[in-house]
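Inside the fold
Here is how the chains run, residue by residue.
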Amino acid sequence: TKKKIVILILAIAVITGGFFLWKTIKSSKIPPPDSSFGAASSTLTEGNEENSGDTVKEEIKNQMPSLDREIIVKGNFTEAQKADLTKQIKDTSELLKGNFDYYQGWLHLGLLRKAIEDYKGTEEAWKFAALIRPKEFLAYNNLGVLYWQYLKDYPKAENNFLQSIENDPTQLMVYQNLHELYRFSYKEKADLADDILLQAIKSNPKNAGALILLSRYYSDTGDKEKARAYLEKALALEPSNKEIQEELNRL
């Protein structure tokens, strides 16, 4: 019965997924372009001559992917939605032609390309976003998800998640993504599934979420003692959290 329910849910998700993804993209707004060259410039030009900044900008601009890439909309979209996605891709691309250093624009373009199942275009957009903002976490996390769930390149997924964590150790969702990669997909490194959550707890000792994730992992893998211990630690951080208390009672 559970299997039938799961299959039904997945079927509904396939039918409605295209619509909701389109709605999410349609409702999102790109922040105004940055007026200054970002982290890539300050990182790559440190210690150079005054005019080296322009040289670095030009070198990075030369690595920019084509913004005239063909648009072929795949997925469960209506004709109106396809037309809207196509327009958004063209508009965002034109915006980036005038400001190649627009980090949020590249992130958005990658999301649009992913929506139409152009995973190569998605990869190009997010890799360039990471190039112009090498100290930001989000482009690397996005690439990690792309390599993990869509391109099935688990070593690349791992490397991008690790870079994202290095850039910002406070982002619990990245630890969770890497944990799930190890646990469910990258079987050769399944033993690291709890290690990465332990790292999350060490980096974020006051974040109950990391403790809850680790508790659930131990519970699912049969170690009830450890599961209870980490849930008790989470409750100590959030003593008024009824959901944690209920989960602890179930253990």
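An account of the accompanying structure is given in this report. Going along each chain's sequence as written, the residues are numbered from 1 onward. Residues qualify for local features only when their pLDDT is at least 70, as the model is predicted, and side-chain atom pairs are given and counted only at 80 or more; totals for whole chains, interfaces and linings, by contrast, use all residues. As a convention, hydrogens and water are excluded, and side-chain values are obtained from all of the structure's heavy atoms.

1. Some words on the side chain of Ser 219
The following threshold applies: Here a strand is any run of E in DSSP of at least two residues, a helix any run of H or I of at least four, and the numbering for each starts at the N terminus. The buried label applies to any residue whose accessible area, calculated with a 1.4 Å probe on protein chains only, is under 20% of its type's maximum; exposed applies above 50%, and partly exposed to all values in between. What makes two residues a contact is simply this: any of their non-hydrogen atoms within 4.5 Å.
Position of Ser 219 relative to the elements: it lies in helix α11 (residues 208-220). Residue class for Ser 219 comes out buried when judged on its relative accessible area of 18%. Apart from residues no more than four positions distant in its own chain, Ser 219 is found in contact with Lys 224, Ala 227 and Leu 251.

2. Looking at the packing of aromatic side chains
To be explicit about the condition: Ring geometry is summarised as follows: Phe, Tyr and Trp rings, the Trp one being its six-membered ring, pair when their centres sit within 6.5 Å, and such pairs are stacked at plane angles under 30 degrees, edge-to-face over 60 and tilted between the two.
Scanning the model with the defined rule gives eight aromatic pairs in all. Residues Phe 100 and Phe 128 carry aromatic rings whose centres are separated by 6.4 Å and whose planes lie at 55° to one another, so their mutual orientation is tilted. Taken together, the positions of Phe 100 in the loop between α4 (79-98) and α5 (103-115) and Phe 128 in helix α6 (residues 119-132) put the pair 28 residues apart, joining distant regions of the chain. Pair check on accessibility: Phe 100 and Phe 128 agree, each one buried. Seen in terms of ring centroids, Tyr 217 and Tyr 218 are 5.5 Å apart; in terms of plane orientation they differ by 55°. Their pairing is tilted. Across this residue pair, the class does not change: Tyr 217 and Tyr 218 are buried. Clustering of aromatic rings is evident, with ring pairs tying together Phe 100, Trp 106 and Phe 128.

3. Considerations on unusual backbone geometry
Look at Glu 117: it is not a glycine, yet its phi comes out positive at around 65°. Considering the arrangement of structural elements, one finds Glu 117 in the loop between α5 and α6. In this structure Glu 117 comes out as partly exposed when scored by relative accessible area, which is 35%. One non-glycine residue, Lys 152, lies in the positive phi region at around 55°.

4. Re helix α13 (residues 242-250)
The following threshold applies: What the arc covers is the set of directions going from the helix axis to the C-beta atoms. Here a polar contact means two N or O atoms within 3.5 Å. Within protein one must be a hydrogen donor candidate and the other an acceptor candidate, and residues neighboring in sequence count only if both atoms are side-chain atoms.
Restricting attention to buried positions, one finds in α13 the residues Ile 244, Glu 247 and Leu 248. An end-on view of α13 places all buried positions within 100° of arc, on one side of the element. Pointing more than 90 degrees away from the buried face of α13 are the exposed residues Lys 242, Glu 243, Asn 249 and Arg 250. Summarising the contacts, the buried residues of α13 are in contact with α11 and α12 (224-237). Its side-chain oxygen 3.0 Å from the backbone nitrogen of Glu 243, Asn 241 forms the N-cap of α13.

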